[in-house]
Amino acid sequence: MKKSVRYILNGLTLPVFVVDPNRKISFINKSAKLRYNEAYTGQLFSELITSKKCLDALESVLGGEPNATANIVLQEVVPTSFRVSLSRLDADSKPLPSCVLSFEDVSHIQEAEQMRHDFVANVSHELRSPLTALSGFVETLQGAAANDEIARKRFLEMMSNEADRMARLIGDLLSLSKLQASERVAPIDRIDLFKILTSVSSSLSGLATRNNIELNLNLSHSMPLVIGDSDELTQVFQNLIENAIKYSGTGSTVTVSFKPPKEGKSHLFISVEDSGEGIGPAQIPRLTERFYRVDKGRSRAQGGTGLGLAIVKHILIRHRGWLKISSQLGKGSIFAVYLPISKT
Ligand SMILES: Nc1ncnc2c1ncn2[C@@H]1O[C@H](COP(=O)(O)OP(=O)(O)OP(=O)(O)O)[C@@H](O)[C@H]1O
Ligand SMILES: [Mg+2]
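Residues numbered from 1 in each chain as written. Chains lettered and ligands numbered in written order. Predicted model: local features only at pLDDT ≥ 70, side-chain atom pairs only at ≥ 80, totals over all residues.

Asks: Tell me about helix H10 (residues 308–318), and name the residues and values.
Replies: Most of H10 is tucked away, with 8 of its 11 residues classed as buried. Among the residues of H10, Gly308, Leu309, Ala310, Ile311, Val312, His314, Ile315 and Leu316 are the ones counted as buried. Along its buried surface, H10 packs onto helix H6 (149–181), helix H8 (230–247), strand S11 (322–328) and strand S12 (332–340). In the segment just after H10, Arg320 is the residue with positive phi, at about 60 degrees. (Buried ≥ 20, exposed ≤ 12 C-beta atoms within 10 Å, placed from the backbone. Helix = DSSP H or I, 4+ residues; strand = E, 2+ residues; numbered from the N terminus. Contact = placed C-beta atoms within 7 Å.)

What follows is the structure, given as structure tokens:
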């Protein structure tokens with residue numbers, strides 16, 4: 001192979017092999033050497049890659065086909081999906097063609113596709129359950145309960161709850177997609193968190209009383225301003241404080257605190273702490289996934305969509321902040337929000 005061609009192939013980021021008519025590797029580019037450090041020239045290609053799909057495609061190209069492709073999964077450190085593109089290489093001096101194979105790692109595309117698929121399946125499921133309930137109530141009201149005044153009132157109330165849940169779900173989905181679209185643009189307003197936290201807490205004080213929860217604020221009037229978006233930060237603390245009230249169990253204490261940041265720190269943090277039942281270590285990393293709930297039935301019964309913490313995560317990404325969750329089963333949880341301090 002000409003030196004200039006070697007240069008070009010070595011400059012590619014895709015792993016590339018050339019396999020000769022005897023099925024032996026005659027060239028390995030730099031990227032392939034890094035990825036398959038046990039590969040050497042003169043080795044049978046089938047000793048290195050045993051995937052039948054890839055070897056069949058190689059046979060077809062060495063047999064005369066100009067091109068072929070094969071989608072294969074190789075057991076590397078983790079199973080990795082590759083799209084292998086094969087093309088015939090006719091050299092003037094040789095009677096039989098060789099084959100050039102390039103390996104493109106497509107695992108991230110497949111993962112994204114799988115996530116999209118799971119998301120659509122989850123949304124359909126979440127929308128179908130209130131819809132099924134609504135249709136059931138309509139049927140009962142048209143039939144058995146048509147003239148039952150008490151049942152009608154009760155069913156209409158339940159229908160209204162289900163319709164509210166659907167509306168909330170659609171609202172949350174729209175919020176998420178808007179946030180993702182605007183993630184690259186950080187908000188620029190200077191925000192007084194004291195105002196936001198006192199207003200969110202007072203709007204949730206009724207819920208706390210009904211759940212027999214003591215809601216405490218441990219804040220300071222002289223908190224530094226943060227850079228953010230007032231509505232989005234309200235949404236963050238609304239969800240975190242509401243979660244702490246809803247899921248920590250009756251009789252627990254919920255405390256929203258601010259600690260002055262150390263000199264020179266660029267972020268401050270606000271924690272929402274509860275003395276409830278806590279969350280298991282295996283579940284903590286999954287809490288910000290869309291639709292993930294520790295106890296599905298309990299969340300649904302409280303009217304939750306399972307999107308709250310996913311929205312919190314995306315709002316904080318947009319704010320160039322982050323969320324840290326720590327929890328101990330039987331003791332309680334701390335959700336700490338880190339936000340950039342305004343320098344002006
Ligand atoms: N403080 C907490 N203590 C125990 N479990 C919690 C706490 N906060 C959240 N969780 C768990 O995390 C799950 C996900 O919370 P998230 O806010 O994303 O959804 P949700 O509250 O179920 O629905 P929504 O926020 O739409 O009302 C909850 O269903 C609950 O199981
Ligand atoms: Mg929530």
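Asks: I'd like a rundown of the sheet that holds S12, residues and numbers included.
Replies: Overall, mixed pairing links the 5 strands, which are arranged S7-S9-S10-S12-S11 in an open sheet. Looking at strand neighbours, the two that pair on one side only are strand S7 (214–218) and S11, the edges of this open sheet. Between one strand and the next, the sheet's axes are offset by a mean angle of 15 degrees, whatever the strand orientation. Of the strand pairs in this sheet, S7 and strand S9 (residues 253–258) are connected by 5 bridges, and their pairing is parallel. Of the residues in S9, the one forming a bridge with Leu215 is Val254. (Pairing = 2+ DSSP bridges. Axes fitted to C-alpha atoms, helices over the stretch in contact; angles between N-to-C directions.)

Asks: Residue-level account of the site of ligand 1, with values.
Replies: Around ligand 1, the surrounding shell holds 21 residues, and the nearest of these are Arg293, Val294, Gly304, Gly308 and Leu309. Within the residue set of the shell around ligand 1, elements represented by two or more residues are H8 and H10. Here the shell around ligand 1 gets 4 residues from one element, more than from any other, and that element is H8. Here the shell around ligand 1 is composed, by residue class, of 7 nonpolar, 10 polar and 4 charged. (Near = placed C-beta within 6 Å. Nonpolar A, V, L, I, M, F, W, Y, C, P; charged D, E, K, R; others polar.)

Asks: Which residues make up the sheet that holds strand S4 (residues 79–89), and what values do they have?
Replies: Strand order in this open sheet of 5 strands is S2-S1-S5-S4-S3, and the pairing throughout is antiparallel. A single partner strand is all that each edge strand has here, and the edge strands are strand S2 (25–28) and strand S3 (67–75). Across the sheet, the axes of successive neighbouring strands diverge by a mean angle of 25 degrees, strand direction being ignored. As judged from the 8 bridges shared by S4 and strand S5 (residues 98–105), these two strands associate in the antiparallel manner. For Phe82, the partnering residue across the bridge sits in S5 and is Asp105. Where helix H4 (residues 52–62) meets the sheet, it contacts strand S1 (16–19), S3, S4 and S5, and its direction lies at approximately 160 degrees from that of S3.

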